[in-house]
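Breakdown of the fold
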Amino acid sequence: MSAEIPAPQMGFPKIYQVIKNSLCTACGGCEAICPMQAAKVQLYDEANYDKFTPTVDEPTVVKLFSEISREDNYCANRQCYVDCDTCLACQNCLACQRICPILDGFPGDDELDNVIDQRIGKSSIHGQDGGAVTGILKSLFEQGEIDAALSVSRNEDWETEVVVLTSAEQVASAAGTKYTYEPVLSSLREVLKNYEKIAVVGTPCQAHAASLLRENLTDKIKLVIGLICMESFTYDDMGENIIPNIMGLDRKTVKKLDFAKGKFVAETADDKALVPIKEIAHLARKPCHHCMDYTSYYADISVGSIGSPDGWSTIFIRNNIGKEYLDKVKGIEYHDKPIFMDIVVKLAAQKHKNNAWDYKKFNEVVWAGGEWTPEEHST
């Protein structure tokens, strides 16, 4: 039987509360910024993490708090929790809490209030729908505007991994939306050592954390591209359950996954399977049920397909950085019709309604040094 978790001492990082309440998005931002390398995003380890109750195989931060349920793991002399095997210890520098998207909060009801321009675009390069993200990265690499990009690639089994792209030729390897989750920002520490002009592509929580990292850690992050996202899934749920069991397809034959018109769609070379989103939504990662950001509000540029014709990408430019870089991009064709905003607004409002919880009160309590309990927020 594990000992009761000792109460955090004054100054202990506020992300303790985020992880304890299974709100951690596993964006990887804390791993990127931690000077002690004490934060580590990996799959839930039941043997060492039984004090918290995330779904098994759910990516989350584990190393910072590894085995802290052991009474002898709290070092009164150093006043910290210690991973004695490697002598990596949280030193209470509090850097991690400055870049946590949950602790920073969510956009208001109007997620589009910071959009300064919007376009419907299509790249000549194969990608998801209009392939806009692929086209943007390729063009910026060719012009020397970026020298590295963090993204996610997949194999034929739809297993995903974080990749560091360093040339225009590599960009196509990360094309397409996977709908499974990887801690993209966990790789940023090594990337910062070797590159000067970095782009980050990620989901709303990852884009949010990347923006906070740029604000608090480094100016090497030049561009943050956020994906319009309702939810994501673990590989176990997507690759081992949704595709083979619910949709009845061999995942090796699937060429594209997509959300369209209330359906989740999996396409093979000669077949297509559809399932109502409501039938799989409950399988989304637990933190996704607390996310109140549909359009990647904190990115420089947000990209998705909703609101655009088939084969085109919806592009929201959210600040001057995004406009500056998008204006440099070559090879993107733009549609002469505007984005159908009604559907974007409707889906953003739907995500807010479905995921509603009192995150403002959560942050008020946590930043004041109080304890938050799971019963105090709805799911």
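Residues numbered from 1 in each chain as written. Predicted model: local features only at pLDDT ≥ 70, side-chain atom pairs only at ≥ 80, totals over all residues. Heavy atoms only, no water.

Moving on, we come to the sheet that holds strand β16 (residues 332-334). Across the sheet, which stays open at both edges, the 8 strands sit in the order β8-β7-β9-β10-β14-β15-β6-β16 with mixed pairing between neighbours. Because the sheet does not close on itself, it has two edges, and the strands there are β8 (160-165) and β16. Averaged over all pairs of adjacent strands, the angle between strand axes in this sheet comes to 30 degrees, irrespective of strand direction. Across the sheet, helix α7 (residues 204-216) lies against β9 (198-202) and β10 (221-227), angled at about 160 degrees from β10, the strand it touches most. (Pairing = 2+ DSSP bridges. Helix = DSSP H or I, 4+ residues; strand = E, 2+ residues; numbered from the N terminus. Axes fitted to C-alpha atoms, helices over the stretch in contact; angles between N-to-C directions. Contact = heavy atoms within 4.5 Å.)

So, about the nonpolar core. It is characteristic of soluble globular proteins that their nonpolar side chains tend to be buried jointly. Core analysis: the largest hydrophobic core is formed by 49 residues, its most contacted members being Val18, Leu188, Val200, Leu213 and Phe362. Element by element, the count of residues in this core is highest for α7, at 6 residues. Setting aside residues no more than four positions away along its own chain, Phe362 makes contact with Gln17, Val18, Asn21, Leu23, Ile102, Leu103, Trp357 and Trp372. If you look at the next biggest cluster of nonpolar residues, it comprises 25 residues, including Ile146, Leu165, Ile315 and Leu326. (Core = buried A, V, L, I, M, F, W, Y, C linked by side-chain atoms within 4.5 Å. Buried < 20%, exposed > 50% of the residue type's maximum accessible area, 1.4 Å probe, protein only.)

Let us now look at the packing of aromatic side chains. Within this structure, the stated rule accounts for 5 aromatic pairs. Through pairs of rings, three or more aromatic residues link up here, namely Phe106, Trp357, Tyr359, Phe362 and Trp372. A cation sits over an aromatic face here: Arg285 above Tyr181, 4.1 Å from the ring centre. One cation-aromatic arrangement involves Lys328 over Tyr325; the distance from NZ or CZ to the ring centre is 5.0 Å. (Phe/Tyr/Trp six-rings, centres within 6.5 Å; stacked < 30°, edge-to-face > 60°. Lys NZ or Arg CZ within 6 Å of the ring centre and 35° of its normal.)

Another aspect to go through is the state of the cysteines. Within the structure shown, the criterion is met by 0 disulfides. Left without a disulfide partner, Cys100 is nearest to the cysteine sulfur of Cys27, which lies 6.6 Å away. The exposure class of Cys100 is buried, given its relative accessible area of 10%. This cysteine, Cys229, is not joined by any disulfide, and Cys288 carries the nearest cysteine sulfur, 6.1 Å off. (Disulfide = S-S within 2.5 Å.)

The final tally for this structure, using the stated rule, is 12 salt bridges. The partner of Glu196 in a salt bridge is Lys220, with the nearest N and O atoms 3.3 Å apart. Residue Glu196 is found in the loop between α6 (188-194) and β9, and its partner Lys220 is found in the loop between α7 and β10; the two are separated by 24 residues along the sequence. Across the pair Glu364 and Lys361 runs a salt bridge, and its minimum N-O distance is 3.6 Å. (Salt bridge = Lys/Arg side-chain N within 4 Å of Asp/Glu carboxyl O.)

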